[in-house]
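Understanding the architecture of this molecule
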Amino acid sequence: MARTKRYDVKDLALAAEGVRRIEWADRQMPVLAAIRQRFETEQPLNGYRISACLHVTTETANLMRTLKAGGADVVLCASNPLSTQDDVAAALVDEFDVSVFAIKGEDNDTYYAHIEAAVDHKPHLTMDDGADVIGVLHSHRREQLGDIIAGTEETTTGVIRLKALEADGALGFPIIAVNEANTKHLFDNRYGTGQSTIDGIIRATNVLLAGKRFVVAGYGWVGRGVASRARGMGSLVVITEVDPLRALEAVMDGFEVLSMAKAAEIGDIFCTATGDKHVIAREHIEKMKDGAILANTGHFNVEIDIPALKSLAAETRLAREFVEEFTLADGRRIYLVADGRLVNLAAAEGHPALVMDMSFANQALAAEYAVQNAGSLERKVYGVPDEIDREIARLKLETMGVPIDTLTEDQAKYLASWDEGT
Ligand SMILES: NC(=O)c1ccc[n+]([C@@H]2O[C@H](COP(=O)([O-])OP(=O)(O)OC[C@H]3O[C@@H](n4cnc5c(N)ncnc54)[C@H](O)[C@@H]3O)[C@@H](O)[C@H]2O)c1
């Protein structure tokens, strides 16, 4: 295809492999494919510019195709410097005529230059996974805020940042928090991250999980998924939490719950999933066993205190691809996976397409909803409307061939009344 767009990707010669893998993912994304088909005829995004900052993976490529099919002019940059799949970036530019600014392993300056390039697109809509584009727009590109109809946010950490902006009265345009949809966080965060995090740890280390003490920090949607999958692999799973309700839930689910101070002494593998900072801190690292493996699947690489780990180390070296070995003064070795970045995206391929199908169906329909309701949305963080959430669940079940019952008229009346059946 003739390329009409500006871009910065690793190597366009990788495009053919990217196309093959994008098509493979597409087979697992029937809900998004159905939306794409409708978008092709209805063109709901015609004339709108979208700047998307998402993990550049095969699933994201299918979302970009869907937005483009709806008439949008799309630019994509990476929401993490390590998660970009270079063949996918090349395929989007070469085959699907989407501008992409993303190279796996790009340094911090390039990462932010690529976000600026996406903002240069002068978007009407933004699409974030971690609020980086919105962050740039609210800091030194404020003159563009007025042109933006709305933004969408994919992940828990981004939503927290945006709610803080809203609470300060500083949010420049309406946000639809895709993460809040049930068809997103109940499935993507739990089943998608649960499986792909274990996959990332295994691919990076090839360690046997059976019989190991596997410490999961945080028992939220992501933590629950990681914990149940690690247990399924035969690990002895320990949970750390700060929220008494979640900690209690972990206990009732049959997990051992400990403070990190205690867990640090016995853990073989640690995985943080909190969205918080320094959950594994210097004092924890100081107590760890020789050979402890540290990974993170929360959004930012601050959950493990990496500067402290570095300062404790007498020596460091790369033990394997994606695994850095830190030898402490007393000879104990601690292993950090994927620089403490999202392990499922850095060392594996992110979520399986089947769950991203629902998350990205939410993204596509949220963009359509934002355009349709442009005049009435305020500068607030909105959830995904319930009818979109339920429609995606209905479509997903339909594509899986799973039938469900519908309420009879009599049942609907019964459930809506306060005195029937008494
Ligand atoms: N790797 C991925 O692909 C992926 C996918 C979805 C979400 N995420 C990220 O994962 C993180 C967690 O998301 P979630 O949806 O599970 O959020 P959540 O809010 O449901 O859960 C986070 C949990 O961590 C707990 N927590 C906070 N600080 C803690 C601490 N110091 N020690 C122990 N527990 C602590 C909280 O009490 C909460 O229960 C976020 O950063 C989110 O953006 C990553």
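What comes next concerns the included structure. (Residues numbered from 1 in each chain as written. Predicted model: local features only at pLDDT ≥ 70, side-chain atom pairs only at ≥ 80, totals over all residues. Heavy atoms only, no water.)

1. Points about the sheet that holds strand 11 (residues 293–296)
Spatially, the eight strands line up as an open sheet ordered 9-8-7-10-11-14-13-12, and their pairing is mixed. Strands at the two margins of the open sheet, each flanked by one partner only, are strand 9 (256–257) and strand 12 (313–320). Packed onto the sheet, helix 9 (residues 221–232) meets strand 7 (213–217), strand 8 (236–240) and strand 10 (269–272) and runs at close to 170 degrees relative to strand 7. (Pairing = 2+ DSSP bridges. Helix = DSSP H or I, 4+ residues; strand = E, 2+ residues; numbered from the N terminus. Contact = heavy atoms within 4.5 Å. Axes fitted to C-alpha atoms, helices over the stretch in contact; angles between N-to-C directions.)

2. Re the site of the ligand
Lining the immediate environment of the ligand, one finds 26 residues, of which Thr155, Thr156, Thr157, Val222 and Glu241 sit closest. With respect to the ligand, the backbone of valine 222 contributes an N or O atom lying 2.8 Å from an oxygen atom. Contacts to the ligand include glutamate 241, whose side-chain N or O atom sits 2.5 Å from an oxygen atom. Because more than half of its atoms lie within 2 Å of the grid, the ligand is assigned to the largest pocket. (Near = heavy atom within 4 Å. Polar contact = N/O pair within 3.5 Å; in protein donor to acceptor, adjacent residues only side chain to side chain. 1 Å grid on protein atoms, 1.4 Å probe; cavity = no way out; pocket = protein on both sides within 12 Å on 5 of 7 lines; lining within 4 Å. Sits in = over half its atoms within 2 Å of the grid points.)

3. Observations regarding the pattern of salt bridges
Under the definition given, this model contains 27 salt bridges. Across the pair aspartate 290 and arginine 333 runs a salt bridge, and its minimum N-O distance is 3.0 Å. Of this pair, aspartate 290 sits in the loop between helix 12 (282–285) and strand 11 while arginine 333 is found in strand 14 (residues 333–337), placing the two residues 43 residues apart along the sequence. Look at aspartate 290 and you get partly exposed, because its relative accessible area is 42%. (Salt bridge = Lys/Arg side-chain N within 4 Å of Asp/Glu carboxyl O. Buried < 20%, exposed > 50% of the residue type's maximum accessible area, 1.4 Å probe, protein only.)

4. Considering the packing of helix 1 (residues 15–27) against helix 4 (residues 86–94)
Packing of helix 1 against helix 4 leaves a shortest axis separation of 7 Å and a crossing angle of 95 degrees. Regarding the angle of helix 1 to helix 4, the classification is roughly perpendicular. Residue-level contacts link Ala15, Glu17, Gly18, Val19, Arg21 and Ile22 of helix 1 to Asp87, Val88, Ala90, Ala91 and Asp94 of helix 4. Class assignment for the residues of the contact of helix 1 with helix 4 results in six nonpolar, one polar and four charged. (Parallel < 35°, antiparallel > 145°, perpendicular 65-115°, else oblique. Nonpolar A, V, L, I, M, F, W, Y, C, P; charged D, E, K, R; others polar.)

5. Points about the side chain of threonine 60
With respect to the helices and strands, the residue threonine 60 is situated in helix 3 (residues 58–69). By relative accessible area, which is 1% here, threonine 60 ends up buried. Threonine 60 has contacts with Leu54, His55, Leu76 and Phe360, leaving out every residue within four places of it along the chain.

6. Digging into helix 6 (residues 132–139)
Most of helix 6 sits inside the fold, with six of its eight residues counted as buried. The complete set of buried residues in helix 6 reads Asp132, Val133, Ile134, Val136, Leu137 and His138. In this structure, the buried residues of helix 6 make contact with strand 1 (49–54), helix 5 (108–119), strand 4 (125–128), helix 7 (156–167) and strand 6 (175–177).

7. Notes on the sheet that holds strand 1
Pairing is parallel across the open sheet formed by seven strands, whose spatial order is 3-2-1-4-5-6-15. A single partner strand is all that each edge strand has here, and the edge strands are strand 3 (99–101) and strand 15 (381–383). Along the sheet, successive strands turn relative to each other by an average axial angle of 20 degrees, direction set aside. When strand 4 meets strand 5 (residues 150–153), the two strands line up parallel, connected through four bridges.

8. Here's the deal with unusual backbone geometry
Even without glycine at this site, lysine 122 takes up a positive phi of about 55 degrees. Counting through the fold element by element, lysine 122 comes out in the loop between helix 5 and strand 4. In this structure lysine 122 comes out as partly exposed when scored by relative accessible area, which is 43%. A positive phi angle is found at phenylalanine 322, which is not glycine, with a value near 75 degrees. Mapped onto the elements, phenylalanine 322 comes out in the loop between strand 12 and strand 13 (323–328).

9. Here we look at the nonpolar core
Counting 54 residues, the largest nonpolar core has Leu45, Leu63, Met64, Leu67, Leu92, Val100 and Leu125 as its most contacted members. Once residues within four sequence positions are removed from consideration, leucine 67 is found in contact with Leu45, Ile50, Ala72, Val74, Met127, Ala364 and Ala367. Core analysis: the next-biggest nonpolar cluster, separate from the first, contains 29 residues, Val207, Val226, Ile239 and Ala346 among them. (Core = buried A, V, L, I, M, F, W, Y, C linked by side-chain atoms within 4.5 Å.)

10. Thoughts on the layout of surface pockets
Approximately 910 Å³ is the volume found for the largest pocket. Around the largest pocket, the lining comprises 49 residues; the ones closest to its centre are Thr156, Val222, Ala273, Gly275 and Gly298. Elements represented by at least two residues in the lining of the largest pocket include exactly helix 3, helix 7, helix 8 (182–205), helix 9, helix 14 (343–346) and helix 15 (353–372). The greatest single-element share of the lining of the largest pocket, amounting to five residues, is contributed by helix 8. Looking at side-chain class alone, the lining of the largest pocket contains 14 nonpolar, 23 polar and 12 charged residues. (Points joined across faces, edges and corners; volume = space filled by probe spheres on them.)

11. Thoughts on the packing of helix 8 against helix 15
With their axes 9 Å apart at the nearest point, helix 8 and helix 15 run at an angle of 150 degrees to one another. In terms of orientation, helix 8 lies roughly antiparallel with respect to helix 15. Here helix 8 runs over helix 15; the crossing is left-handed. Every residue of helix 15 that contacts helix 8 at Thr183, Lys184, Phe187, Asp188, Tyr191 and Gly192 is listed here: Val355, Met356, Met358, Ser359 and Asn362. (Left-handed = near helix turned anticlockwise from the far one by under 90°.)

12. Describing the packing of aromatic side chains
As enumerated under the stated definition, the model contains three aromatic pairs in all. With 5.0 Å between their ring centres and 80 degrees between their planes, tyrosine 111 and tyrosine 112 make a pair best called edge-to-face. Residue tyrosine 111 is classed as buried on the basis of its relative accessible area, which comes to 4%. Given the relative accessible area of 41%, tyrosine 112 is considered partly exposed. Measuring from centroid to centroid gives 6.0 Å for phenylalanine 187 and tyrosine 191, while their planes differ by 45 degrees, and the two rings are tilted. In this pair, phenylalanine 187 and tyrosine 191 both sit in helix 8, four residues apart, roughly one turn of the helix. According to the relative accessible area criterion, tyrosine 191 is partly exposed, its value standing at 34%. The positively charged end of arginine 224 is found above the aromatic ring belonging to tryptophan 221, 4.5 Å away from the centroid. (Phe/Tyr/Trp six-rings, centres within 6.5 Å; stacked < 30°, edge-to-face > 60°. Lys NZ or Arg CZ within 6 Å of the ring centre and 35° of its normal.)

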